[in-house]
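Notes for the structure review
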Amino acid sequence: EAGVAQSPRYKIIEKRQSVAFWCNPISGHATLYWYQQILGQGPKLLIQFQNNGVVDDSQLPKDRFSAERLKGVDSTLKIQPAKLEDSAVYLCASSPRDFVGANVLTFGAGSRLTVL
Amino acid sequence: TQLLEQSPQFLSIQEGENLTVYCNSSSVFSSLQWYRQEPGEGPVLLVTVVTGGEVKKLKRLTFQFGDARKDSSLHITAAQTGDTGLYLCAGALDNLFFGTGTRLTVIP
């Protein structure tokens, strides 16, 4: 089974520029998550999709971050305009169904963003 | 403020030594998971514990969920260089909340 695919793996931009990250989850997985992992910290949930609907985006800085999951498969996460503190690894994860207690998340390798 | 605090934050030990990593919270979780993350990769699930007091073993790794389902520990026996990585606990509430992480380095 193919894993969670993310691109690009690395991106360096100037502050105030925009950037987009793409995620292709495991085939058939209904739930997709975007996490932000700042260096030295644990991942923090940004947004959770169930099929193509948003379940939780309470931690997403909506003034600059946006995400969509068209047709309930691939997803994109966009940052515009970027700030220095957005430098982090953006992890995408998917799971077979809606989050219920002991559900298993499979993570992609992440997209590392550096904002100069 | 982090929901889950892990200690120690960094740990460097010799191959063959034993170690314990702790994950603590004031919240009660329906389940708790442990992940290991290697550089340039996403976290990989090691184990899920569900019942208070539950103990699970995965080869040289022993995971325990606290009786009150607020804390957990990970014990590694006879550490190997392949155990090097970032260990993350994650507690399940309405969603999955990750701990602060413990970076383990095992020196040959």
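What comes next is a walk through the structure.

1. Some details on the overall build of chain A
Counting its regular elements, chain A contains zero helices and eleven strands. Each helix and strand of chain A, ordered N terminal to C terminal, gives the series β-β-β-β-β-β-β-β-β-β-β. Since a compact globule built from 116 residues should have a radius of gyration of about 13 Å, the 13 Å found for chain A is in line with a globular shape. Along the longest, intermediate and shortest principal axes, the C-alpha atoms of chain A span 35 × 25 × 25 Å. Residues counted as buried form 46% of the 116 residues belonging to chain A. Surface exposure of chain A reaches about 5600 Å², of which carbon and sulfur atoms provide 51%.

2. Observations concerning the interface of chain A and chain B
Every contact between the two is made by 21 residues of chain A and, on the other side, 23 residues of chain B. Both faces combined, the contact of chain A with chain B buries some 1500 Å², and carbon together with sulfur accounts for 51% of it. Here chain A and chain B share zero salt bridges between them. Counting every contact that joins chain A to chain B gives four residue pairs in polar contact (both at pLDDT 80 or more). When residues of the side of chain A that touches chain B are traced back to their parent elements, those giving at least two are β4 (31-37) and β5 (44-50) of chain A. The element contributing the most residues to the side of chain A that touches chain B is β4(A), with three residues. Per-class residue counts for the side of chain A that touches chain B are eleven nonpolar, eight polar and two charged.

3. A look at a nonpolar patch on the surface
Residues and elements named next belong to chain B. A cluster of nonpolar side chains, Leu3, Leu93 and Phe97, forms an exposed patch at the surface whose accessible area comes to about 210 Å². Structurally, Phe97 is set in strand β10 (residues 96-98). Residue class for Phe97 comes out partly exposed when judged on its relative accessible area of 32%.

4. Let's talk about the pattern of salt bridges
Overall, the coordinates contain five salt bridges over all chains when judged by the stated rule. The shortest N-O distance in the salt bridge between Asp57(A) and Lys62(A) comes to 3.8 Å. Note on Asp57(A): relative accessible area 27%, which makes it partly exposed. For Arg36(B), the salt bridge is made with Glu38(B), and the minimal N-O distance between the two is 3.9 Å. Judged by relative accessible area, Glu38(B) falls into the partly exposed class, the value being 38%.

5. Structural notes on the sheet that holds strand β7 (residues 61-65) of chain B
Residues and elements named next belong to chain B. With antiparallel pairing, five strands are arranged side by side in an open sheet as β1-β3-β8-β7-β6. The outermost strands of the open sheet, each flanked by one partner alone, are β1 (5-7) and β6 (55-58). Taken pair by pair, the neighbouring strands of this sheet meet at an average axis angle of 15°, ignoring direction. Pairing geometry for strand β3 (residues 19-24) and strand β8 (residues 71-76), over six bridges, is antiparallel. By the bridge assignment, Cys23 is partnered in β8 with Ser72.

6. Observations concerning the sheet that holds strand β7 (residues 65-68) of chain A
Residue and element names in this part refer to chain A. With antiparallel pairing, the four strands of this open sheet are ordered in space as β1-β3-β8-β7. Looking at which strands have only one partner, the edges of the open sheet turn out to be β1 (5-7) and β7. When strand polarity is set aside, the average angle formed by the axes of neighbouring strands in this sheet is 15°. Bridge analysis of strand β3 (residues 19-24) against strand β8 (residues 75-79) gives five bridges, and the strand direction is antiparallel. Opposite Ala20, over in β8, you have Lys78 as the bridge partner.

7. Quick look at the state of the cysteines
A disulfide bridge is the covalent bond that connects two cysteines by way of their sulfur atoms. This model, assessed by the stated rule, comprises two disulfides over all chains. Each sulfur in the disulfide pair Cys23(A) and Cys92(A) lies 1.9 Å from the other. Measuring handedness by torsion sign, the sulfur bridge of Cys23(A) and Cys92(A) sits at about -70° and is left-handed. Here Cys23(A) is found in strand β3, whereas its partner Cys92(A) is found in strand β9 (residues 88-95), with 69 residues between them in sequence. With a relative accessible area of 0%, Cys92(A) lands in the buried category. Cys23(B) shares a disulfide with Cys89(B); S-S distance 2.1 Å. In this structure the cystine formed by Cys23(B) and Cys89(B) twists about its S-S bond by roughly 75°; its chirality is therefore right-handed. On the criterion of sequence distance, the pair formed by Cys23(B) in strand β3 and Cys89(B) in strand β9 (residues 85-92) is long-range, its members being 66 residues apart. Residue classification places Cys23(B) among the buried positions, given a relative accessible area of 0%.

So, how was this worked out
Residues numbered from 1 in each chain as written. Chains lettered and ligands numbered in written order. Predicted model: local features only at pLDDT ≥ 70, side-chain atom pairs only at ≥ 80, totals over all residues. Heavy atoms only, no water. Helix = DSSP H or I, 4+ residues; strand = E, 2+ residues; numbered from the N terminus. Rg over C-alpha atoms; globule rule 2.2 N^0.38 Å. Buried < 20%, exposed > 50% of the residue type's maximum accessible area, 1.4 Å probe, protein only. Areas by Shrake-Rupley, 256 points an atom, 1.4 Å probe, with all protein chains shown as cover. Contact = heavy atoms within 4.5 Å. Buried area = accessible area lost by both parts, 1.4 Å probe. Salt bridge = Lys/Arg side-chain N within 4 Å of Asp/Glu carboxyl O. Polar contact = N/O pair within 3.5 Å; in protein donor to acceptor, adjacent residues only side chain to side chain. Nonpolar A, V, L, I, M, F, W, Y, C, P; charged D, E, K, R; others polar. Patch = residues over 30% accessible without salt bridge, like charges linked within 9 Å, V, L, I, M, F, W, Y side chains within 5 Å. Pairing = 2+ DSSP bridges. Axes fitted to C-alpha atoms, helices over the stretch in contact; angles between N-to-C directions. Disulfide = S-S within 2.5 Å.

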